[in-house]
Amino acid sequence: MLLADERAALCGIGRRMAESGLVTGASGNISARAGDLVAVTPGGMMLDRMEPADCPVLDLDGKVVEGERAPSSETPMHLAIYEVSGAAAIVHTHSTYGAVVATTMSELPPIHYNTLALGGVVKVAEYATYGTPELAANVRAALEGGEWGAMHAALMANHGGVTLGGDLEEAYENARLLEWLCGVYVRARMIGEPRVLTDEELRQVVERGLTPPDHPRG
């Protein structure tokens, strides 16, 4: 079986995403890249019910090279990100607080310094229909130009979030962090106007040793 380890890891991460509330039902998708091949979750299947053989393997042009199930409809977005980022794994979620911020904001304000762990201010990609080349292009644009490091996260207007990593574990943990940051922001707005960290305050955090991420290069 091609990419046997990666396909098994997709199943494990899929179960954890469902258990942690990052996805519900058949929403969300995951992929892992190894060289010129990508293993991706199948379309229309609940992430906590997958087996490794359910996850098709594609080449970087999107052609299925192994697997019986059709790949996720969001596969064009995954491939577009791999083309420019060098990431080895991508997680796409429909988490509650991420969707709230993505529906109401143009970016996630940096109200906590841990936003630097994702590369800086998380942008909200412009809305486009799921699974389209337009959405893929919008998400790729939102991941460009991080002021503090390579961006490892973006939100998708009226949709959800996407995170990158050097492996599936890192991409999953980045998704959990993104949801936590969105949750803090939404709850803070219930009490009052959140105080946003300034560029100087963020710079001081970097100087104390919190290193913004760089995209892994294979």
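So, how was this worked out
Residues numbered from 1 in each chain as written. Predicted model: local features only at pLDDT ≥ 70, side-chain atom pairs only at ≥ 80, totals over all residues. Heavy atoms only, no water. Helix = DSSP H or I, 4+ residues; strand = E, 2+ residues; numbered from the N terminus. Buried < 20%, exposed > 50% of the residue type's maximum accessible area, 1.4 Å probe, protein only. Pairing = 2+ DSSP bridges. Right-handed = clockwise from strand over helix to strand, strands pointing away. Salt bridge = Lys/Arg side-chain N within 4 Å of Asp/Glu carboxyl O. Axes fitted to C-alpha atoms, helices over the stretch in contact; angles between N-to-C directions. Parallel < 35°, antiparallel > 145°, perpendicular 65-115°, else oblique. Left-handed = near helix turned anticlockwise from the far one by under 90°. Contact = heavy atoms within 4.5 Å. Nonpolar A, V, L, I, M, F, W, Y, C, P; charged D, E, K, R; others polar. Core = buried A, V, L, I, M, F, W, Y, C linked by side-chain atoms within 4.5 Å.

Peer 1: Quick rundown of the environment of Val65? Include the residues and the values.
Peer 2: As for its placement among the helices and strands, Val65 is situated in strand β4 (residues 64–66). Residue class for Val65 comes out partly exposed when judged on its relative accessible area of 40%. Between the alpha carbons of Val65 and Leu37 there is a distance of 8.7 Å; along the sequence they are 28 residues apart.

Peer 1: Requested: an account of unusual backbone geometry, with residues and values cited.
Peer 2: For Leu3, which is not glycine, the phi dihedral falls at a positive 50°. Tracing the sequence through the fold places Leu3 in the segment before α1 (4–19). Taking relative accessible area as the criterion, Leu3 reaches 14% and is therefore assigned buried. Even without being glycine, Asn158 reaches a positive phi, approximately 55°. Mapped onto the fold, Asn158 is located in the loop between β8 (153–156) and β9 (160–165).

Peer 1: Can you break down the pairing of strand β7 (residues 122–125) residue by residue, with the values?
Peer 2: The two faces of a sheet get side chains in turn, since along a regular strand they alternate between them. In this sheet, β7 lies alongside strand β6 (residues 107–108) in antiparallel orientation, the contact comprising two bridges. From the neighbouring strand, Glu107 faces β7, where its bridge partner is Lys123. Pairing between β7 and β8: two bridges, direction parallel. Residue Val124 lies in a different strand from β8, and its bridge partner there is Leu155. You can see the chain leave β7, run along helix α4 (residues 133–142) and come back into β8, and the turn it takes is right-handed.

Peer 1: Account for the pattern of salt bridges, naming residues and giving values.
Peer 2: Considering all chains together, one arrives at eight salt bridges under this definition. Among the salt bridges present, the one from Arg16 reaches Glu169, with a minimum N-O distance of 2.8 Å. Note that Arg16 is positioned in helix α1 and Glu169 in helix α5 (residues 168–191), a separation of 153 residues in sequence. Exposure remark for Arg16: the relative accessible area of 29% places this residue in the partly exposed category. A relative accessible area of 35% places Glu169 in the partly exposed class. Between Glu200 and Arg203 there is a salt bridge, with the nearest N and O atoms lying 3.0 Å from each other. Within this pair, Glu200 and its partner Arg203 are both found in helix α6 (residues 199–207), separated by three residues, close to a single helical turn.

Peer 1: Let's hear about the packing of α1 against α5: which residues, and what values?
Peer 2: One can describe the packing of α1 onto α5 by two numbers: an axis separation of 10 Å at closest approach and a directional angle of 20°. Judged by the inter-axis angle, α1 sits roughly parallel to α5. Relative to α5, the crossing made by α1 is right-handed. Note on element contacts: α5 touches α1 through Leu168, Glu169, Tyr172 and Glu173, opposite Glu6, Ala9, Leu10, Ile13, Arg16 and Met17. Looking at the contact of α1 with α5 residue by residue, the class counts come to six nonpolar, no polar and four charged.

Peer 1: I'd love a proper account of the nonpolar core, names of residues and values included.
Peer 2: Core analysis: the largest hydrophobic core is formed by 36 residues, its most contacted members being Ile81, Leu108, Val122, Val139, Leu155, Val162 and Leu178. Secondary structure elements with two or more residues in this core: α2 (75–85), α3 (96–104), β7, α4, β8, β9 and α5. Examining the composition of this core, we find that six residues originate from one element, α5, more than from any other. Once residues lying within four places of it in the same chain are set aside, the contact partners of Val122 are Glu107, Leu108, Thr115, Met151, Ala153, Ala154, Leu155 and Leu178. Counting residues in hydrophobic clusters, the runner-up holds 21 residues, among them Ala39, Val57, Ala89 and Ala171.

Peer 1: Account for the sheet that holds β9, naming residues and giving values.
Peer 2: Taken together, nine strands build an open sheet; the order of strands is β4-β3-β2-β1-β5-β9-β8-β7-β6 and the sheet is mixed. Two strands lie at the open edges of the sheet, namely β4 and β6, each paired on one side alone. Both strand β1 (residues 29–34) and strand β2 (residues 37–40) contribute to a ladder of four bridges, which runs antiparallel. If you follow Ser31 over to β2, its bridge partner there is Val40.

Peer 1: Requested: an account of the packing of α3 against α5, with residues and values cited.
Peer 2: The interhelical angle for the contact between α3 and α5, taken along N-to-C directions, is 65°, at an axis separation of 8 Å. As for the relative orientation of α3 and α5, their crossing is left-handed in sense. Two secondary-structure elements touch here, α3 through Thr96, Tyr97, Gly98, Val100 and Val101 and α5 through Glu179, Cys182, Gly183, Tyr185, Val186 and Arg187. Class assignment for the residues of the contact of α3 with α5 results in six nonpolar, three polar and two charged.

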